[in-house]
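Tertiary structure, described
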Number of protein chains: 2
Amino acid sequence: MMYVVGHKNPDSDSICSAIALAYFLDAFPARLGELNPESQFILKRFGLMEPELIKTAKGKELFLVDHAEKSQNLDDFDKGKLIGIIDHHKIGISTTEPIIYLSKPVGSTASVISELYFRGILDIIGGKNKELKADIAGVLLSAILSDTLLFKSPTATPLDKELAEKLADIAGISDITAYGMEMLTAKSTVGKMTPEEILHIDYKPFDMSGKKVGIGQAEVIDMSEVASKKEAIQNLIDEMIEKEGYDMVLFLVTDIMKEGSEVLVAGNKSSFETAFELKLDGKSVFIDGLMSRKKQVVPPLEKYYSN
Amino acid sequence: MMYVVGHKNPDSDSICSAIALAYFLDAFPARLGELNPESQFILKRFGLMEPELIKTAKGKELFLVDHAEKSQNLDDFDKGKLIGIIDHHKIGISTTEPIIYLSKPVGSTASVISELYFRGILDIIGGKNKELKADIAGVLLSAILSDTLLFKSPTATPLDKELAEKLADIAGISDITAYGMEMLTAKSTVGKMTPEEILHIDYKPFDMSGKKVGIGQAEVIDMSEVASKKEAIQNLIDEMIEKEGYDMVLFLVTDIMKEGSEVLVAGNKSSFETAFELKLDGKSVFIDGLMSRKKQVVPPLEKYYSN
Ligand SMILES: [Mn+2]
Ligand SMILES: [Mn+2]
């Protein structure tokens, strides 16, 4: 049986895209970890069940959403059979056989799936052109809003906005911005979380030219939500450098309203400075306009490590 | 300016797909090597010009067709800007940023492009839904027939055949089989070629878990066309092992009518035997049913080398 699954430490795009694509593919939606508060809010809001937690790829057909990197999937990923990928990230996977692959540089994986739906072309990736119900439209809309930070992220495109409006119609959401703020506020239970929980809201390990690099991100509506926990988070990532073989671990506290991120740096400080062409005063820096790990953090690091 | 380009040692799918996709993307079609006799026949038949030979990626935007491996593109590939990929091969490329990627396990890249055209959805990969003229339909049809060996290859799918029939209508080809045989016969000027030319009709180097492996293929309608040249080809690939750092070089003489291939083996003979679960008597073996390098030769070798 085929499972549609997003990345480890799933964000809302991974969860919602898995649910929606599984619906169109007649497959099972799956997840590789606990839902974050935002994803919980979304599923509750539209009355949908959590995808099934899977722990092995053995004997499964897999269709990936929202990632194209083995390190972001199950440890025994190679024991499954990879059928396809729908994504909006860089390519970080190699295969031994041709598969279905559709990726576009847009704001979310949910956008790519929604475009296939509205064009009536889900069959080009092996799906059925079924009718989109309000609940699935709602989770797809939520994933677009989440990944694009209400279209404020530099990864957002006009297509994301256009699709979100069509989805909102079907989902019965009359005010996208109001719903988006409600969703982001639900996400921002950051204030109630432990430093460890905050670090793992959206954490991803990367293999960069053989070096292990970790990047976590938390989005807040106001920096004060995390102010008292920054030191503890810094200690946690410093510890990861010592104990888990990382070359560098970054943690981004992204202020959605100010449109910038405070970056906490652990490990190879001078690598960070070279990659971002700046000087650190201490162990962190606020970078104005920095919103996207994928578009603004991973590329300069990949480039740095490949040299 | 954007260039649409197929792989090194271009086959007809690489040439024809570059021409067709460049038309829809308002880009330049390009090639990375000389046209084989079959591609020459096709372009002459439909009155189209050769794509431009390019020698550097520097300063160019690149859209790849029919391959997703750096080793099959220009040596300075990284100096160009990769925009997208349309393909039907395994994934063997990584990127530092999201790109447009559409790949499907079908018989040819031309099939993927043709499907986008007939569905009126070329815009999903950044193209325009322009009208398909007889000449472009003709080259797309030819590429499908070439890559699927008139639908006899195990890589051929019902979609390839369905698209070929629609393309034939537009191209004014009333008998697909008759045209295909004419094209394959044009290709089979193998009899007039030198061993060196035969070896390079369709030769590809691969990086398999760090080892260099080369696989060439020539298709013939009758084995007698190459009988007198097999020994010389064997000598050439033996020489490549000694001088060019290859671990293994294979040369497939594929008999289209008999539906099987004679495989000449140079280098690590026991690796070949293990990967294909057979014993060689001498340096070559005829394998019944073996038609596709991509589907039947590369996967067992990739698997073998990754262990
Ligand atoms: Mn995403
Ligand atoms: Mn091809």
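Remember, predicted model here, so these are calculated numbers, not experimental data.

Thresholds, definitions, all that
- Residues numbered from 1 in each chain as written.
- Chains lettered and ligands numbered in written order.
- Predicted model: local features only at pLDDT ≥ 70, side-chain atom pairs only at ≥ 80, totals over all residues.
- Heavy atoms only, no water.
- Salt bridge = Lys/Arg side-chain N within 4 Å of Asp/Glu carboxyl O.
- Buried < 20%, exposed > 50% of the residue type's maximum accessible area, 1.4 Å probe, protein only.
- Pairing = 2+ DSSP bridges.
- Helix = DSSP H or I, 4+ residues; strand = E, 2+ residues; numbered from the N terminus.
- Axes fitted to C-alpha atoms, helices over the stretch in contact; angles between N-to-C directions.
- Contact = heavy atoms within 4.5 Å.
- Nonpolar A, V, L, I, M, F, W, Y, C, P; charged D, E, K, R; others polar.
- Buried area = accessible area lost by both parts, 1.4 Å probe.
- Polar contact = N/O pair within 3.5 Å; in protein donor to acceptor, adjacent residues only side chain to side chain.
- Donors = N, O, S within 2.8 Å, 3.2 Å for Na, K, Ca; no water.
- Domains from an automatic or database assignment.

Okay, the pattern of salt bridges next. In this structure the tally under the stated criterion is 31 salt bridges over all chains. With a closest N to O distance of 3.6 Å, K279(B) and E273(B) form a salt bridge. Here K279(B) falls in the exposed class, since its relative accessible area comes to 69%. According to the relative accessible area criterion, E273(B) is buried, its value standing at 11%. Through salt bridges with shared partners, one network takes in D26(A), K128(A) and K130(A).

Attention now moves to the sheet that holds strand β1 (residues 2–5) of chain B. The mixed open sheet is built from twelve strands, whose spatial order is β3(A)-β2(A)-β1(A)-β4(A)-β5(A)-β6(A)-β6(B)-β5(B)-β4(B)-β1(B)-β2(B)-β3(B). Each end of this open sheet is capped by a strand with a single partner; those strands are β3 (52–53) of chain A together with β3 (52–53) of chain B. Of the strand pairs in this sheet, strand β4 (residues 61–65) of chain A and strand β5 (residues 81–87) of chain A are connected by five bridges, and their pairing is parallel. The residue bridging F63(A) from the neighbouring strand is G84(A), located in β5(A).

Once that is clear, we can look at the packing of helix α1 (residues 12–25) of chain A against helix α2 (residues 37–46) of chain A. Residues and elements named next belong to chain A. In contact at an axis separation of 9 Å, α1 and α2 are set at 35° when each is read in the N-to-C sense. Of α2, the residues touching α1 (which contributes S12, I15, C16 and I19) are E38, S39, I42 and L43. Residue classes in the contact of α1 with α2 are distributed as five nonpolar, two polar and one charged.

For an interface, size is often stated in terms of accessible area lost upon the parts coming together. With 27 residues of chain B at the interface, the matching set in chain A holds 27 residues. For the pair chain B and chain A, the summed buried area comes to about 2500 Å², and 63% of that belongs to carbon and sulfur atoms. On the chain B side of the contact with chain A, I91(B), P98(B) and I124(B) bury the most area, a combined 26% of that side's loss. Seen at the junction of chain B and chain A, the total is two salt bridges. In this structure, D123(A) engages R119(B) in a salt bridge whose closest nitrogen and oxygen atoms are separated by 2.6 Å. Counting every contact that joins chain B to chain A gives ten residue pairs in polar contact (both at pLDDT 80 or more). Elements represented by at least two residues in the side of chain B that touches chain A include exactly β6 (100–103) and α10 (293–306) of chain B. Top element by residues in the side of chain B that touches chain A is β6(B). It accounts for four residues. A per-class count over the side of chain B that touches chain A returns eleven nonpolar, eight polar and eight charged. Where strand β6 (residues 100–103) of chain A meets β6(B), three bridges bridge the pair, whose relative direction is antiparallel. Among the inter-strand pairings, Y101(A) is bridged to a residue of β6(B), identified as S103(B).

It is worth spelling out the coordination of the manganese ion (ligand 2) at this point. Residue and element names in this part refer to chain B. Within the first shell, the manganese ion (ligand 2) binds the protein through D13 (OD), D66 (OD), H88 (NE2) and D147 (OD), at distances of 2.1 to 2.3 Å. Spacing between the donor residues of the manganese ion (ligand 2) along their common chain follows D-x52-D-x21-H-x58-D. Placement of the pair is H88 in the loop between β5 (81–87) and β6 and D147 in helix α4 (residues 134–147), with a sequence separation of 59 residues. Among the residues examined, H88 registers a relative accessible area of 1% and is labelled buried. Residue D147 is classed as buried on the basis of its relative accessible area of 18%.

Residue and element names in this part refer to chain A. Along its sequence, chain A is organised into domain 1 (2–187) and domain 2 (191–306). Across the domain 1/domain 2 interface, buried area totals approximately 1900 Å², and carbon plus sulfur atoms make up 61% of it. It is N9, L149 and K152 that lose the most area in domain 1 upon contact with domain 2, and together they represent 28% of the buried surface on that side. The interface formed by domain 1 and domain 2 contains one salt bridge. One salt bridge in this structure joins E302 and K90, with 2.5 Å as the shortest N-O distance. Linking domain 1 to domain 2 there are three residue pairs in polar contact (both at pLDDT 80 or more). For the side of domain 1 that touches domain 2, the leading source of residues is helix α6 (residues 176–187), giving four residues. Taken together, the residues of the side of domain 1 that touches domain 2 break down into six nonpolar, ten polar and four charged.

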